[in-house]
Amino acid sequence: MNGLSFSELCCLFCCPPFPSVIASKLAFLPPEPTYTIQELGDGTWALHLSERAEWQYGQKELDCIEVFQARTNRGNKVTCMYVRCSPTAKFTLLFSHGNAVDLGQMSSFYIGLGTRINCNIFSYDYSGYGQSSGKPTEKNIYADIDAAWHSMRTRYGISPDKVLLYGQSIGTVPTIDLASRFECAGVILHSPLMSGMRVAFPETKKTYCFDVFPSIEKCHKISSPVLVIHGTEDEVIDFSHGLAIYEKSPKAVEPLWVEGAGHNDVELYGQYLERLKQFVQYDLVKE
């Protein structure tokens with residue numbers, strides 16, 4: 001039956017908690033927080049990075065980062081980060097990061113990425129990550145990105161036609177969900193997954209009602225241009241996931257299949273930055 005053994009199917013149908021177990025094992029590995037934030041009383045917040053954040057720049061770059069907290073419709077407070085990388089940036093990336101990092105660890109990467117592709121970056125920590133309250137769950141991450149999306153628009157006046165949604169690994173799940181509901185300038189899906197079941201049981205051919213992160217059932221609703229990036233030797237989320245997401249996205253542009261890359265090293269290949277620049281400077285202009 002679709003590659004699943006009888007015992008596996010019995011386990012899935014008879015053990016309701018199992019999908020949440022898949023979700024926690026696949027997605028939610030929040031590290032010990034690598035930063036703290038402090039409300040200053042004038043509507044601003046101070047960011048303090050720990051040594052584990054491995055900050056690679058100086059005070060000038062740190063001054064380009066603004067943090068604050070937004071409340072989700074599920075009652076959690078999520079920490080948001082706005083990185084002003086370039087005064088001439090046309091687009092802002094709404095970046096949903098991977099599963100085992102927080103904003104502190106990502107801050108140096110954001111500075112480097114935004115500077116190189118001439119984009120500002122807005123990011124957030126999922127519930128239970130960094131200084132965000134609550135627990136990481138599938139429902140919460142959808143609420144988290146909604147809060148980030150609305151905060152970015154209302155606090156900074158950034159219109160949807162100037163926003164690129166960027167999701168990496170588990171971050172592609174809320175990214176695809178949001179992109180299926182709102183139009184934006186473009187969508188970047190870095191090592192996306194079809195669904196939780198398809199990661200846990202690679203022979204799964206359909207989406208069961210109890211599956212988690214069913215992105216494959218949503219990407220056909222994305223009306224914005226989509227760039228899919230995936231390493232051909234990804235040991236966590238098989239390359240076939242990226243290929244399927246690409247084939248299901250109606251406005252997909254030329255993808256980037258990084259030959260020999262795994263799950264955590266795609267950014268180290270030269271074609272990664274080159275393809276992002278091309279997407280921002282040329283592919284979106286054609287639209």
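Everything discussed here concerns the structure shown above.
We now turn to the structure provided with this report. No experiment lies behind these values; they were computed from the predicted model shown.

### Observations concerning the pattern of salt bridges
Part 1: Within the structure shown, the criterion is met by eight salt bridges.
Part 2: Here Glu66 makes a salt bridge to Arg84, at a shortest N to O gap of 3.8 Å. You can see Glu66 sitting in strand 3 (residues 65–71) and its partner Arg84 sitting in the loop between strand 4 (77–83) and strand 5 (91–96), a full 18 residues away along the chain.
Part 3: Given a relative accessible area of 25%, Glu66 falls into the partly exposed group.
Part 4: Looking at Arg84, the relative accessible area reads 43%, which means it is partly exposed.

### Quick look at the environment of Val67
Part 1: Its place among the elements puts Val67 in strand 3.
Part 2: Exposure remark for Val67: the relative accessible area of 2% places this residue in the buried category.
Part 3: Measuring from C-alpha to C-alpha, the distance between Val67 and Gln38 comes to 9.3 Å, with 29 residues separating the pair along the chain.
Part 4: Ignoring sequence-local partners within four residues, the contact set of Val67 consists of Ile37, Trp45, Ala46, Leu47, Cys80 and Met81.

### A word on the nonpolar core
Part 1: Core analysis: the largest hydrophobic core is formed by 43 residues, its most contacted members being Leu94, Phe122, Trp149, Leu165, Val187 and Phe213.
Part 2: Take this core: its biggest share by element is eight residues, from helix 5 (residues 138–156).
Part 3: If near-sequence neighbours (up to four positions away) are discounted, Leu165 is found in contact with Leu94, Trp149, Thr175, Leu178, Ala179, Cys184, Gly186, Val187 and Ile188.
Part 4: One finds Cys85, Ile229, Ala261 and Phe279 within the second-largest nonpolar core, a separate group that totals 35 residues.

### Some details on the layout of surface pockets
Part 1: In this structure, the largest pocket encloses a volume near 810 Å³.
Part 2: Forming the boundary of the largest pocket are 31 residues, of which Met106, Phe109, Gln168, Asn264 and Glu267 lie nearest the centre.
Part 3: Contributing elements (two or more residues each) for the lining of the largest pocket: helix 4 (103–117) and helix 9 (270–283).
Part 4: The element best represented in the lining of the largest pocket is helix 4, accounting for seven residues.
Part 5: Classifying every residue of the lining of the largest pocket gives 17 nonpolar, ten polar and four charged.

### Topic: the packing of helix 5 against helix 6 (residues 172–179)
Part 1: Running from N to C, helix 5 and helix 6 point in directions that differ by 60°, and their axes come no closer than 9 Å. Helix-helix and strand crossings are classified by hand; for helix 5 and helix 6 the assignment is right-handed. The segment helix 5 lies against helix 6, with Ile141, Tyr142, Ile145, Asp146 and Trp149 engaging Val173, Pro174, Thr175, Asp177 and Leu178.
Part 2: Of the residues in the contact of helix 5 with helix 6, the class split is seven nonpolar, one polar and two charged.

### A closer look at the pairing of strand 4
Part 1: Counting buried positions along strand 4 gives six out of seven residues, so the element sits mostly inside the fold.
Part 2: Of the strand pairs in this sheet, strand 3 and strand 4 are connected by seven bridges, and their pairing is antiparallel. Looking at strand 4, one finds that Arg71 is bridged to Lys77.
Part 3: Counting the residues that bridge the hairpin from strand 3 to strand 4 gives five residues, and of these Gly75 lies at a positive phi of roughly 90°.
Part 4: Of the pairings in the sheet, the one linking strand 4 to strand 6 (residues 119–124) comprises four bridges and is antiparallel in character.

### Structural notes on the environment of Lys135
Part 1: Mapped onto the fold, Lys135 is located in the loop between strand 6 and helix 5.
Part 2: Take Lys135: its relative accessible area is 64%, and that puts it in the exposed class.
Part 3: When the C-alpha positions of Lys135 and Asn76 are compared, they lie 8.7 Å apart, and in sequence the two are 59 residues distant.
Part 4: The contact partners of Lys135, leaving out residues within four places of it in the chain, are Ser127, Gly128 and Asn140.

### Side note on the side chain of Asp283
Part 1: With respect to the helices and strands, Asp283 occurs in helix 9.
Part 2: Within the structure, Asp283 has its side chain in polar contact with the side chain of Arg275 (distance 2.7 Å).
Part 3: Beyond its immediate chain neighbours, meaning those up to four positions away, Asp283 contacts Val253, Arg275 and Gln278.

Criteria and thresholds
Residues numbered from 1 in each chain as written. Predicted model: local features only at pLDDT ≥ 70, side-chain atom pairs only at ≥ 80, totals over all residues. Heavy atoms only, no water. Salt bridge = Lys/Arg side-chain N within 4 Å of Asp/Glu carboxyl O. Helix = DSSP H or I, 4+ residues; strand = E, 2+ residues; numbered from the N terminus. Buried < 20%, exposed > 50% of the residue type's maximum accessible area, 1.4 Å probe, protein only. Contact = heavy atoms within 4.5 Å. Core = buried A, V, L, I, M, F, W, Y, C linked by side-chain atoms within 4.5 Å. 1 Å grid on protein atoms, 1.4 Å probe; cavity = no way out; pocket = protein on both sides within 12 Å on 5 of 7 lines; lining within 4 Å. Points joined across faces, edges and corners; volume = space filled by probe spheres on them. Nonpolar A, V, L, I, M, F, W, Y, C, P; charged D, E, K, R; others polar. Axes fitted to C-alpha atoms, helices over the stretch in contact; angles between N-to-C directions. Left-handed = near helix turned anticlockwise from the far one by under 90°. Pairing = 2+ DSSP bridges. Polar contact = N/O pair within 3.5 Å; in protein donor to acceptor, adjacent residues only side chain to side chain.

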